[in-house]
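As a plain string of letters, each chain reads:
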Amino acid sequence: MIDGVGRTIDYIRISVTDRCNLRCIYCMPEEGVPLLPHDEILRFHEIWRIAEILAKNGVRRVKLTGGEPLVRRRIAELAAGLKRIPGIDNVTITTNGVLLEEMYDELVDAGIDAITVSLDTLDRDTYCQITRRDEAERVKRGIRTAVEKGRVPLKINCVPVLGMEKQQIFEITELARTAPVHVRFIEMMPIGTGGRFEFLSEERLRAALEERLGPLTPCSDVPGNGPCRYFAAEDHVGRIGFISAVSHQFCSACNRVRLTAEGFLKTCLQYDCGVELKPLLRSGCSDEVLEQAIKRALSEKPAGHHFGDGAGQPGSDRRGMSQIGG
Ligand code: SAM
Ligand code: SF4
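Not measured: the values here are computed from a predicted model. (Residues numbered from 1 in each chain as written. Chains lettered and ligands numbered in written order. Predicted model: local features only at pLDDT ≥ 70, side-chain atom pairs only at ≥ 80, totals over all residues. Heavy atoms only, no water.)

> I would appreciate a short explanation of the overall build of the protein chain in the present structure.
For the protein chain, the count of helices and strands is 11 helices and 12 strands. In terms of C-alpha radius of gyration, the protein chain reaches 19 Å, essentially the compact-globule figure of 20 Å for 326 residues. In terms of overall dimensions, the protein chain has a C-alpha envelope of 55 × 45 × 40 Å along the principal axes. Scored against the burial criterion, the 326 residues of the protein chain give a buried share of 58%. (Helix = DSSP H or I, 4+ residues; strand = E, 2+ residues; numbered from the N terminus. Rg over C-alpha atoms; globule rule 2.2 N^0.38 Å. Buried < 20%, exposed > 50% of the residue type's maximum accessible area, 1.4 Å probe, protein only.)

So, in structure tokens, the structure goes:
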């Protein structure tokens, strides 16, 4: 699919639930966000139908996200169904890792091609402070399982928010030293509660990392879905990556759309633009009508975000990151 400014769209991020077993300070308020009633959340057959229409129009890769995707019941079955859709050749998942240890084999058996685990710190107290839950040890066990079994590629996502030392950022990069684990740092975006925190730019973080690890050399040998820029560090098997939406805007190469858990096809991370697909799906409309609605929304996909101007820009989506899926 080609959008209104000529970009090829071949990737969809599907949020499978707005529920989460953590409460990360940059993502949600402490009390959580108002949850969707269960019957407002898309059912598997509705997600598969949208994915089939998108696949017929050139979408090849799917990311399952949330909320926390592993709290959605029978998530492996959803993934297996997506993998069976002709044209979809890559289904990956981003998880907070709390349930990964027990679910790793089930996910890989279902055909999940790669796993990303969000881990902001190795330190238990700091982890509690960031996620408001005492789950660091379970997440570390999940990561250990994924490294030891090694059946699919593993990436770690880390959002710097409370300081490099406090979050043990340098220790987190150690994960990439001996195993082919790619550690990626995500710049805080002014979405959800993210706008409340001090922003640490890629530039500052990279300079600090280079002081510790030596020169970081750009490389392009990590398969993925988009905007992460990877670097090789001496004596590291895995790569160090940066996803820097604020300091290195990558909208001109945007290849994606997003589907929220309640069926809104969202065409830009920042803005509230797109199309509500659930009313169409549940009105019994034909695939042609759905396809036309999707194409119309894509023709109006914004050319770019304006995160650099801070939170609360006119037209910005009021959904939090847990509702959008990252
Ligand atoms: N619960 C899963 C997880 O945490 O990996 C999947 C959903 S979460 C919304 C997806 C990614 O968005 C996570 O890596 C998280 O750290 C990141 N994220 C959440 N809020 C953010 C913000 N304000 N700025 C940048 N990244 C954010
Ligand atoms: Fe949950 Fe992921 Fe948001 Fe943390 S970042 S609260 S794990 S959805």
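> In this structure, what is going on with the site of ligand 1? I would like to understand it.
As a matter of local geometry, ligand 1 sits amid 20 residues, with Gly 67, Thr 94, Ser 118, Met 189 and Met 321 nearest to it. Backbone polar atom of Thr 95 to an oxygen atom of ligand 1: 3.4 Å apart, as the coordinates give it. Coverage of ligand 1 by the protein amounts to 94% of the 550 Å² it exposes when considered alone. A breakdown of the residues in the shell around ligand 1 according to their chemical character gives 8 nonpolar, 10 polar and 2 charged. (Near = heavy atom within 4 Å. Polar contact = N/O pair within 3.5 Å; in protein donor to acceptor, adjacent residues only side chain to side chain. Areas by Shrake-Rupley, 256 points an atom, 1.4 Å probe, with all protein chains shown as cover. Nonpolar A, V, L, I, M, F, W, Y, C, P; charged D, E, K, R; others polar.)

> I'm lost on the packing of aromatic side chains in this one. Help?
Across all of its chains, the model carries 3 aromatic pairs by this definition. Arranged with centres 5.8 Å apart and planes meeting at 55°, the rings of Phe 44 and Trp 48 form a pair that is tilted. One end of the pair is Phe 44 and the other is Trp 48, both in helix 1 (residues 44–56) and 4 residues apart, which spans about a single turn. By relative accessible area, Phe 44 is classed as buried at 7%. When the ring of Phe 185 is compared with that of Phe 242, the centres are 6.1 Å apart and the planes differ by 35°; the resulting orientation is tilted. Of this pair, Phe 185 sits in strand 6 (residues 181–186) while Phe 242 sits in strand 9 (residues 240–243), and the two are 57 residues apart along the sequence. In this pair, the class of Phe 185 matches that of Phe 242, namely buried. Each residue in the set Phe 185, Phe 231 and Phe 242 is aromatic and connected to the rest through ring pairs, giving one cluster. (Phe/Tyr/Trp six-rings, centres within 6.5 Å; stacked < 30°, edge-to-face > 60°.)

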